[in-house]
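Structural characterization, general
This is what each chain is made of:
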Amino acid sequence: MSEEQWEAGLEKMEQTVELNPKSHQAYGNIGLCLIQLKRIDEARGKLQTALEISPDYAFAKHNLENIEGYNDETFPTDHEVVIVDSNRENEMQWLGKGV
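Below, the structure is looked at part by part. Residues take numbers from 1 onward in each chain, read along the sequence in its written order. Only residues with pLDDT of at least 70 get local features here, since the model is predicted, and only at 80 or more are side-chain atom pairs given and counted; chain-wide, interface and lining totals rely on the full set of residues. The side-chain numbers reported here are obtained from all heavy atoms of the structure, hydrogens and water having been left aside.

**Overview of the pattern of salt bridges**
Quick reminder of the rule: Should a side-chain nitrogen of Lys or Arg be within 4 Å of a carboxyl oxygen of Asp or Glu, the pair is scored as a salt bridge. Each residue's exposure class comes from its accessible area (1.4 Å probe, protein chains only) as a fraction of the maximum for that residue type: buried when under 20%, exposed when over 50%, partly exposed otherwise.
Scanning all chains against the criterion turns up 3 salt bridges. Across the pair Glu42 and Arg39 runs a salt bridge, and its minimum N-O distance is 2.9 Å. For Glu42, a relative accessible area of 39% gives the class partly exposed. Each of the salt bridges in this network shares a partner with another, and the network as a whole consists of Glu7, Arg39 and Glu42.

**Remarks on helix α4 (residues 58–67)**
Definition in use: Under the DSSP-based scheme used, a helix requires at least four consecutive residues in state H or I and a strand at least two consecutive residues in state E, with every element numbered from the N terminus. Our arc is simply the arc of the directions from the helix axis toward the C-beta atoms. The contact criterion used is simple: two residues touch if any of their non-hydrogen atoms lie within 4.5 Å.
Along α4, the residues classified as buried are Phe59, Ala60, Asn63, Leu64 and Ile67. Buried residues in α4, looked at end-on, bunch into an arc of 130 degrees, giving them a common side. More than 90 degrees from the buried face of α4, the exposed residues found are Ala58 and Glu65. In this fold, the buried residues of α4 make contact with α2 (24–36) and α3 (40–53).

**Concerning the packing of α2 against α3**
The relative placement of two packed helices comes down to the angle between their axes together with the axis-to-axis distance. Which entries qualify depends on this criterion: Working convention: axes come from line fits to C-alpha atoms, limited for helices to the stretch in contact. Angles between N-to-C directions cover 0 to 180 degrees. Throughout, the term roughly parallel applies to angles under 35 degrees, roughly antiparallel to angles over 145, roughly perpendicular to angles from 65 to 115, and oblique to all others. Should the near helix be turned anticlockwise from the far one by less than a right angle, the crossing is left-handed, and should it be turned clockwise, the crossing is right-handed. Residues are grouped as follows: nonpolar covers Ala, Val, Leu, Ile, Met, Phe, Trp, Tyr, Cys and Pro; charged covers Asp, Glu, Lys and Arg; every other residue, Gly included, is treated as polar.
The N-to-C vectors of α2 and α3 enclose an angle of 165 degrees; their axes lie 8 Å apart at closest approach. In terms of orientation, α2 lies roughly antiparallel with respect to α3. The two elements α2 and α3 meet at a crossing, and its hand is left-handed. Where α2 abuts α3, its residues His24, Tyr27, Gly28, Ile30, Gly31, Leu34 and Ile35 lie against Ile40, Glu42, Ala43, Lys46, Leu47, Thr49, Ala50 and Ile53. Of the residues assigned to the contact of α2 with α3, the class counts are 9 nonpolar, 4 polar and 2 charged.

As structure tokens, this is what we get:
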């Protein structure tokens, strides 16, 4: 996906959080978008928020592990964490098709 697509996805997920501040999937996907945009410090915070809401959320745990030890300046430019939450409802929101 291009940077513009990740930015668009980020915007959609931020809108989802405004509507449902307890959506751990939305926070997890915001974290993923931020990782892809190399905004690691912000991503870490969003993934941690997802885990505060849902402590067993494997998607957020996995992506936090993938960015462990990195920050915005040290994250490799060729490193991609492309893990998509398999929740069908979240997938439909991500694609902008509503639920």
